[in-house]
Amino acid sequence: MPRTVFAPSYFNRFAIIDLGTNSVRFDVHELEGRNTRTLYREKLMVRLGQDVFESGRLAPMAKTRTLQAYRSFAEKCRALHAKRVFAYATSAIRDAKDGPRFLDILKKDTGIVTEVMPGREEARLISLGIRTGEKDLPERYALVDIGGGSTEISVYQGNRCLFSHSYPLGTARLQQTHLDGARPSEAKLILLRNEIRRVFDAGPTLPAAPRTIVSSGTVRPLIRMARKAEKGKSGRWIRSRLITALMKNITRCSLVELKRVPGMDPRRADMILAGGVLFEECLLALNSKTCALTEITLRDGIRFEVVGKMLASRSPVKSCSSPSAWDPMLLLPLSERFHCEPQHIRRIEGAACSFFDTLASVHRLGRSWRNLIRAASVARDIGEWVNLAQHDRHSAYLLRAVSPPTIPPGDCEIIAELCLYHEAREVRRSELPATWSAKKTSDFVKAVSILRLADAFDSRRTARVLFHSVRKSGRKISIALRRGGVHELDLLWLESKKRLFEEVFNREITFVLN
C-alpha cells in the first residue's frame, strides 16, 4: 500500500538559506509524514558583514563571496529538486544601505528571493528552534543567540515567554567598531564593555534567568575550553564564572596566540574576543549562574516554522515516483568518488539508452525503466573500489548504504538489484524482493538483460569494440560494432552477455563488425 506523505511538490523537498553577518547556512529537507529528513547541510563563512558596520555599505569582496555561495546553492537546489526556497537575511543586510540592491542582484542572478528578517522575528524563530529541538529544558532559563551583527535574548518560565528582544550587538559589529587585530588595551576593553551595557540599558529591562542556553559559533570554543576546566565533571551545564576566568586569559592574547589555542577555530579567532566579552556581559545582565551550548540555530527555527505551515495548509497525497523527476547522471559524482572512469560510464550509459529506445517494441517496458537502467549503468562498478572479485555485490551494498537523496528509496532498491545482476549472476526470481509484484519482477529481468547488453561494450576498458547501432528485423536483432583490432576475448564476452536477452525475448542477436 502506498505510504501517505504531505507532498505539494517533488517529495516535499524545500531549501532554507540563512544569510547571516558572518556565515550563510544552506539546508535541503524532505517532509516525510510529519517529520523531516535532512538531505543536505552546508555552512560557508562568507563574512557578508565585512566593514558594513563602519562604512554602512557591503564590501565588494563580501558580495562576491556571497553571490558565489548563492550560485552553488541554486545548483544544489536543482540537483536535489528542491522547488521551494525559503531564504532570509539578517543583521548585515538590515544595516547596509545597499542591502536591498544586493538582494535584487542575488535574485536576478540565481532566481532566489531573499527576505529581510526583522530582529524581533529572528528572536522568535531562534526560540522556536531551540524550544522544539532541545529536551529537558529547565523551569526558568534564557535563550541567547549571538550573531555577527545582532544578539537575540528570550527568557522563559516553563512554556511562557517572559521576554524577547533583539539587540544591535554582534561579534562582527563590535570587532569593527571597538577592536582591531592587535592585542586590545585595557581602555579599549572598558569602552567595549560600556558600549554593551549601554545598549542593554537602552532596551527593555532584562529579567533574571539562573540558566542560559547559548547558540553561537563564536562562543562554541569558549564553552569547550570551559568544559575542560571543569576537571572531568560531566553534565551539560558549566559555571558562568569559568567564562569570566577564560576571558581574563583571552584578553591577554594576540591574534596569533589565539589561533594556537587548542580547540580554537582559526577562522573565528579574530572574533572570539568580541564574542566572548559579549557573552560574558549577557550572563552578567541575566544574572545566570550556569550556561550551556546548543547546536540549534536560526535555520532550525525556520525549518520548524516552514514544516508547521506546510502541514497546516496541505492535504495528504500518495507519493509516487515520476520517471522524469530525477536525473540518473546525478549518480556520476558518486561513481567518480569510487574512482570509476567517467568516459567509460558515459559510453555504457549511451549504449543502454540506444538499446532501450531502439528495442522499445520488443521489451515494452515503461519509460521509468529507462531511468533505472541508465542509473544502474552509471553506478554498477562502484563496488570495484572494495574488491574486483564480486564487485557487483559490493556495488549493490554501497548504493544501498549511501542511499542517494536525489533518488526515491524504492527506485534506489531497484537500481541496487540491477547492479547486483549486471554481470552474469543467475537471476532467481525467488531471491528478488518479496514485495515486488509478478509484473515488476518480470520487468526487472527484462531490464537486467538490456543492462547486460550495454555492459558488454568496452567492459575491459580497452575501447577496441564500440557500439555503433542496432537494427531489428523480425525475430532477429543485428548490433553493428566499430572496431580497432578486435580480440577474440572481446567477441566471446559479447556472446556471453547477450544470452539472457535472447532467453527472455526469444530473439536472436548477431554482432556485425563495420
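Refer to the structure above for everything that follows.
Chemist: I'd like to hear about the packing of aromatic side chains, residue by residue, with values.
Modeler: Taken as a whole and assessed by the stated rule, the structure comprises 9 aromatic pairs. Judged by centre distance (6.2 Å) and plane angle (50 degrees), the ring pair of Tyr70 and Phe73 falls under tilted. Taken together, the residues span about one helical turn, with Tyr70 and Phe73 both in helix H2 (residues 60-79) at a distance of 3 residues. Note on accessibility: Tyr70 and Phe73 belong to one class, buried. Above the plane of the ring of Trp237 lies Arg211, whose end atom (NZ or CZ) is 4.7 Å from the centre. Lying across the ring of Trp237, Arg236 places its NZ or CZ 5.7 Å from the centre.

Chemist: Describe the side chain of Glu30, and please don't skip the residues or the numbers.
Modeler: Position of Glu30 relative to the elements: it lies in strand E3 (residues 24-32). Residue Glu30 is classed as buried on the basis of its relative accessible area of 1%. Within the local environment of Glu30, its side chain forms a polar contact with the side chain of Arg13, the two groups lying 2.8 Å apart.

Chemist: Can you tell me about empty space enclosed by the protein, naming the residues and giving the values?
Modeler: Where empty space is left can be seen by rolling a probe of water-molecule size over the atoms. By the definition in use, this model includes 2 cavities of 30 Å³ or more. Considering only enclosed or pocket space, the largest cavity measures out at about 280 Å³ in volume. In terms of lining, the largest cavity is formed by 23 residues, of which the most central are Arg25, Asp145, Ile146, Gly147 and Gly148. For the lining of the largest cavity, the secondary structure elements donating two or more residues are helix H5 (119-133) and strand E7 (140-146).

Chemist: Tell me about the nonpolar core, and name the residues and values.
Modeler: Judged by nonpolar contacts, the single largest core of 58 residues is most densely connected at Phe355, Leu399, Leu418, Phe444, Phe457, Ile479 and Phe501. Among all residues touching Phe444, those that are not within four sequence positions of it are Trp369, Ile414, Glu417, Leu418, Tyr421, Val427, Leu432 and Trp436. In this structure, Leu206, Leu242, Phe279 and Cys282 belong to the second largest nonpolar core, which totals 41 residues.

Chemist: Give me the lowdown on the pattern of salt bridges, citing residues and values where you can.
Modeler: Side-chain pairing between opposite charges can occur once the charged atoms of the two side chains come close. Considering all chains together, one arrives at 34 salt bridges under this definition. The salt bridge partner of Arg71 is Asp109, with a shortest N-O separation of 2.9 Å. Residue Arg71 is found in helix H2, and its partner Asp109 is found in helix H4 (residues 99-110); the two are separated by 38 residues along the sequence. Looking at Asp109, the relative accessible area reads 37%, which means it is partly exposed. Glu305 serves as the salt-bridge partner of Arg124, at 2.8 Å between the closest nitrogen and oxygen.

Chemist: Just give me the short version of the sheet that holds strand E11 (residues 238-239), but keep the residues and values in it.
Modeler: Spatial strand order, E9-E8-E7-E10-E12-E11: 6 strands in an open sheet with mixed pairing. The outermost strands of the open sheet, each flanked by one partner alone, are strand E9 (160-167) and E11. With 7 bridges joining them, E7 and strand E8 (residues 151-157) adopt antiparallel strand pairing. Residue pairing in the sheet places Arg140 in a bridge with Gln157 of E8. Running over the sheet, H5 touches E7, E8, E9 and strand E10 (211-215) and is turned about 50 degrees from E8.

Chemist: Can you lay out the sheet that holds E3 for me, pointing to particular residues and giving the numbers?
Modeler: Strand pairing in a sheet relies on backbone hydrogen bonds. The paired strands run either parallel or antiparallel. Overall, mixed pairing links the 5 strands, which are arranged E4-E3-E2-E5-E6 in an open sheet. Edge positions in the open sheet fall to strand E4 (35-44) and strand E6 (114-116), since each of these has one partner strand only. The mean inter-strand angle of the sheet, taken between neighbouring strand axes irrespective of direction, is 20 degrees. Direction of pairing for strand E2 (residues 13-19) relative to E3: antiparallel, over a ladder of 7 bridges. Bridge assignment links Arg13 to a residue of E3, and that residue is Glu30.

Basis of the calculations
Numbering of residues starts from 1 in every chain and runs along the sequence as written. Since the coordinates come from a predicted model, pLDDT governs what is reported: local features require at least 70, and pairs of side-chain atoms require 80 or more to be given and counted, while whole-chain, interface and lining totals use all residues. As a rule here, side-chain values come from all non-hydrogen atoms in the structure, and water together with hydrogens is ignored. By convention, a stacked pair of Phe, Tyr or Trp rings (six-membered ring in the case of Trp) has centres within 6.5 Å and planes under 30 degrees apart, an edge-to-face pair has planes over 60 apart, and any other such pair is tilted. Secondary structure is summarised from DSSP: a helix means a run of H or I of at least four residues, a strand means a run of E of at least two, and numbering begins at the N terminus for each. Classification of residues uses two cut-offs on accessible area relative to the type maximum, computed with a 1.4 Å probe and protein chains only: under 20% is buried, over 50% is exposed, and between them is partly exposed. Only lysine NZ and arginine CZ atoms are considered, and such an atom sits over a ring when it is within 6 Å of the ring centre and within 35 degrees of the ring normal. N or O atoms closer than or at 3.5 Å make up a polar contact, with two conditions inside protein: a donor-capable atom paired with an acceptor-capable one, and, for residues adjacent in sequence, both atoms drawn from side chains. Here a cavity means grid points, on a 1 Å grid over the protein atoms only, where a 1.4 Å probe fits yet cannot get out; a pocket means an open set of points with protein on both sides within 12 Å along at least five of seven lines; lining residues are those with an atom within 4 Å of a point. Grid points are joined across faces, edges and corners, and a volume is the space filled by probe spheres set on the points. For the purposes of this section, nonpolar cores are sets of buried Ala, Val, Leu, Ile, Met, Phe, Trp, Tyr and Cys residues that join through side-chain atoms within 4.5 Å. Should any heavy atoms of two residues lie within 4.5 Å, those residues are counted as being in contact. When a carboxyl oxygen of Asp or Glu lies within 4 Å of a side-chain nitrogen of Lys or Arg, that pair is called a salt bridge. Strands were regarded as paired on the criterion that DSSP finds at least two bridges between them. Note on definitions: angles span 0 to 180 degrees between N-to-C directions of axes, and those axes are lines fitted to C-alpha atoms, for helices only across the stretch in contact.

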